[in-house]
Amino acid sequence: QVQLVESGGGLVQPGGSLRLSCAASGSIFSINAMGWYRQAPGKQRELVAVITSSGSANYADSVKGRFTISRDNAKNTVYLQMNSLEPEDTAVYYCNLRQERQWGFQISWGQGTQVTVSS
């Protein structure tokens, strides 16, 4: 069992910044990737950013140039630096972890943290 603990969400004005953190613990063997997803009311959950164990990162087009994902492998922690926030970024942000087991990949999710961008 893997536990993901998220922090850093909150209320921010348009143009402001937030930094999300997600620390993984439990049955961790070989992490393939960690990332962030988000879901706004009435919308489908979507990928925001993902980073592999080697450090390669991918971003949704809507956040490219504004958000930066990073990780600390020693701490099994992933971060999301969010700059130039817009009201459209308002959503619940979920941490995600993927690791490889003998039988295949295991996917874990955090409970989510609310990000609200409003003036």
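Quantities reported herein were computed from a predicted structural model and do not represent experimental measurements.

Analysis parameters
Residues numbered from 1 in each chain as written. Predicted model: local features only at pLDDT ≥ 70, side-chain atom pairs only at ≥ 80, totals over all residues. Heavy atoms only, no water. Pairing = 2+ DSSP bridges. Helix = DSSP H or I, 4+ residues; strand = E, 2+ residues; numbered from the N terminus. Axes fitted to C-alpha atoms, helices over the stretch in contact; angles between N-to-C directions. Core = buried A, V, L, I, M, F, W, Y, C linked by side-chain atoms within 4.5 Å. Buried < 20%, exposed > 50% of the residue type's maximum accessible area, 1.4 Å probe, protein only. Contact = heavy atoms within 4.5 Å. Patch = residues over 30% accessible without salt bridge, like charges linked within 9 Å, V, L, I, M, F, W, Y side chains within 5 Å. Areas by Shrake-Rupley, 256 points an atom, 1.4 Å probe, with all protein chains shown as cover. Salt bridge = Lys/Arg side-chain N within 4 Å of Asp/Glu carboxyl O. Disulfide = S-S within 2.5 Å.

### Comments concerning the sheet that holds strand β8 (residues 77–82)
At step 1: Taking strand neighbours across the sheet as the criterion, the four strands line up as β1-β3-β8-β7 in an open arrangement whose pairing is antiparallel. With partners counted over all chains shown, the strands left at the sheet margins are β1 (2–7) and β7 (67–72), one partner each. Averaged over all pairs of adjacent strands, the angle between strand axes in this sheet comes to 15°, irrespective of strand direction.
At step 2: As defined by bridge partners, β1 adjoins strand β3 (residues 18–26) across six bridges and the pair is classed as antiparallel. Each bridged residue has a counterpart across the sheet, and for leucine 4 the counterpart in β3 is alanine 24.

### A few points about the nonpolar core
At step 1: By size, the foremost hydrophobic cluster in this structure holds 28 residues, and its most contacted members are Trp36, Leu80, Met82 and Tyr93.
At step 2: In this view, methionine 82 contacts Gly16, Ser17, Leu18, Leu20, Arg66, Phe67, Tyr93 and Val115; residues no more than four positions away in its chain are not counted.

### What about a nonpolar patch on the surface?
At step 1: Taken together, the side chains of Phe105, Ile107 and Trp109 present a nonpolar region at the surface, about 290 Å² in accessible area.
At step 2: Among the residues examined, isoleucine 107 registers a relative accessible area of 44% and is labelled partly exposed.

### Brief notes about the state of the cysteines
At step 1: Here the structure, examined in full by the defined rule, presents one disulfide.
At step 2: Here cysteine 22 engages in a disulfide with cysteine 95; their sulfurs sit 2.0 Å apart. Its torsion about the S-S bond being -85°, the disulfide of cysteine 22 and cysteine 95 is classed as left-handed. Linking cysteine 22 in strand β3 with cysteine 95 in strand β9 (residues 91–101), this pair joins segments that are 73 residues apart in sequence. By the burial criterion, cysteine 22 is buried, and cysteine 95 matches it.

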